[in-house]
Amino acid sequence: GAGVSQSPSNKVTEKGKDVELRCDPISGHTALYWYRQSLGQGLEFLIYFQGNSAPDKSGLPSDRFSAERTGGSVSTLTIQRTQQEDSAVYLCASSLMGGLSTDTQYFGPGTRLTVL
Amino acid sequence: QQQVKQSPQSLIVQKGGISIINCAYENTAFDYFPWYQQFPGKGPALLIAIRPDVSEKKEGRFTISFNKSAKQFSLHIMDSQPGDSATYFCAASIDGGGTSYGKLTFGQGTILTVHP
């Protein structure tokens with residue numbers, strides 16, 4: 001079946017502009033995660049959605065970052081007033097339940113964001 | 001605060017050799033330790049994982065060794081092949097508590113190159 005898909009694959013924007021990144025999780029997966037992968041760094045957790053529960057936003061680096069998940073499926077990560085330090089690969093992952101750490105997370109290919 | 005430290009940053013191995021990547025963690029509440037493999041342009045994919053109640057887990061040519069008292073774990077790739085060339089990430093998570101079920105804390109990654 002189809003895996004996690006993300007769009008766009010690449011995004012170049014100017015400093016100060018807003019960007020939206022989209023994630024389509026695997027059908028039937030109730031848990032969805034966003035991570036950020038910066039050059040030379042590991043993956044950094046951003047936000048977690050589980051069903052209809054309030055999301056865990058503890059990893060969002062500033063109030064310029066927000067995310068929503070509509071209908072328990074597609075998710076959009078929005079970065080307002082982008083800064084050069086926001087340049088990174090943004091990865092989305094989904095898992096079947098999200099209630100256990102052993103619930104395998106399946107990653108999409110990521111969106112490479114470049115802020116000029 | 002970097003809770004999972006990974007080394008080396010890069011590793012070059014000859015075909016047929018053994019690749020060893022090490023990780024150390026700080027948070028004793030971590031109870032699940034997966035390794036992810038990432039090829040260029042792709043998202044990370046789960047390779048192998050271990051729980052702290054065992055000291056070793058082997059799947060084919062891949063073995064995780066776990067030392068709970070030292071808070072360290074490592075990935076061993078036996079008979080390394082050029083197709084194993086990728087970036088490897090160790091990670092850790094906590095099973096249970098709040099809304100952060102399954103949230104992965106990643107190491108910085110190791111770029112493995114296996115020469116033919």
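Because the structure is a prediction, the values reported are computed rather than measured.

A.B. asks: Talk me through the interface of chain A and chain B; I want residue IDs and the actual numbers.
C.D. replies: Opposite the 23 residues of chain A that make contact, chain B presents 23 residues. Around 1700 Å² of area is buried between chain A and chain B when both sides are counted, 54% of it from carbon and sulfur atoms. In this structure, the connection of chain A to chain B is made through zero salt bridges. Where chain A packs against chain B, one counts two residue pairs in polar contact (both at pLDDT 80 or more). Looking at the side of chain A that touches chain B, the elements that each hand over two or more residues are strand 4 (31-37) and strand 5 (43-50) of chain A. Partitioned by chemical class, the residues of the side of chain A that touches chain B number 10 nonpolar, 12 polar and one charged.

A.B. asks: I'd like a rundown of the side chain of Thr111(A), residues and numbers included.
C.D. replies: Examined against the element boundaries, Thr111(A) turns out to sit in strand 10 (residues 111-115). There is a polar contact of 2.5 Å between the side chain of Thr111(A) and the backbone oxygen of Pro8(A).

About the cut-offs
- Every chain's residues receive numbers from 1 upward, in the order its sequence appears when written.
- Both sets of labels track the order of writing: A upward for chains, 1 upward for ligands.
- Selection of residues for local features in this predicted model requires a pLDDT of at least 70, selection of side-chain atom pairs for listing and counting requires 80 or more, and totals for whole chains, interfaces and linings are taken over all residues.
- To get the side-chain values, all heavy atoms of the structure are used, and hydrogens and water are removed first.
- We call two residues in contact whenever any of their non-hydrogen atoms come within 4.5 Å of each other.
- Two parts placed together each lose some accessible area under a 1.4 Å probe, and adding up what both lose gives the buried area.
- We define a salt bridge as a side-chain nitrogen of Lys or Arg found within 4 Å of a carboxyl oxygen belonging to Asp or Glu.
- The definition of a polar contact used here is a pair of N or O atoms within 3.5 Å, where within protein one atom must be able to donate a hydrogen and the other to accept one, and adjacent residues in sequence count solely through side-chain atom pairs.
- For the purposes of this entry, the term helix denotes a DSSP run of H or I that reaches at least four residues, the term strand denotes a run of E that reaches at least two, and both are numbered from the N terminus.
- Side-chain classes follow a simple rule in which Ala, Val, Leu, Ile, Met, Phe, Trp, Tyr, Cys and Pro form the nonpolar group, Asp, Glu, Lys and Arg form the charged group, and the remainder, Gly included, forms the polar group.

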